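In case you want the letters, here they are:
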Amino acid sequence: MHTQTAAAAPSPRAARDHLLGELAAFAASRPRLEYGNYGDRASYRAEVRGITRDLHHARALLAAVRLSGVTEAQLVTAFRGAFSGRLSWDGSRLDYCTGQYYPTEYRKAVCAVLASALWAYYREDCLCDTGDKIRAAARRALPRAIATRWFN
């Protein structure tokens, strides 16, 4: 006799790790810049450098979130307010609504969501009750440039 078993719900850690994996893949996707939108090689290269810096920031923030106790609920909540809510999570996939120019902003959206989740984690779970204490915690966990940019 064959009995059916209900599929077990993923653990909170597994759900969080899945969401972080989706954010990492989204940030790692190619920006699809169009060279024709730039007047010269110098302005194109400057844009590429800024976009690459955003990728490095996203990777550092992802690592900080993975090492912290940020929960899936804190991550999901962070989508609502960060980057005007243009990056969203429906429980299974990410959706991004472009503001002006996708290649220059999609990685910033990932960074904003991760920084917002870390801010909530520092405030709620690490008992950092002021913005200064939260920024100090961010400076301890992240490179200075990232902490300064995303926790101002």
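This write-up is about the structure you can find in this document. Because the structure is predicted, anything quoted here is derived from the model rather than measured. (Residues numbered from 1 in each chain as written. Predicted model: local features only at pLDDT ≥ 70, side-chain atom pairs only at ≥ 80, totals over all residues. Heavy atoms only, no water.)

Between helix α1 (residues 12-28) and helix α2 (residues 41-67), whose axes approach to 10 Å, the crossing angle comes to 170°. As far as their axial angle goes, α2 and α1 are roughly antiparallel. Residues R13, R16, L20, G21, L23, A24, A27 and A28 of α1 form the contact with α2, whose participating residues are L55, A58, L62, V65 and R66. Split into classes, the residues belonging to the contact of α1 with α2 amount to 9 nonpolar, 1 polar and 3 charged. (Axes fitted to C-alpha atoms, helices over the stretch in contact; angles between N-to-C directions. Helix = DSSP H or I, 4+ residues; strand = E, 2+ residues; numbered from the N terminus. Parallel < 35°, antiparallel > 145°, perpendicular 65-115°, else oblique. Contact = heavy atoms within 4.5 Å. Nonpolar A, V, L, I, M, F, W, Y, C, P; charged D, E, K, R; others polar.)

On to the side chain of D54. Examined against the element boundaries, D54 turns out to sit in helix α2. Exposure remark for D54: the relative accessible area of 2% places this residue in the buried category. In this structure, D54 is in contact with T104, R107, K108, C111 and R149, ignoring residues within four places of it in sequence. (Buried < 20%, exposed > 50% of the residue type's maximum accessible area, 1.4 Å probe, protein only.)

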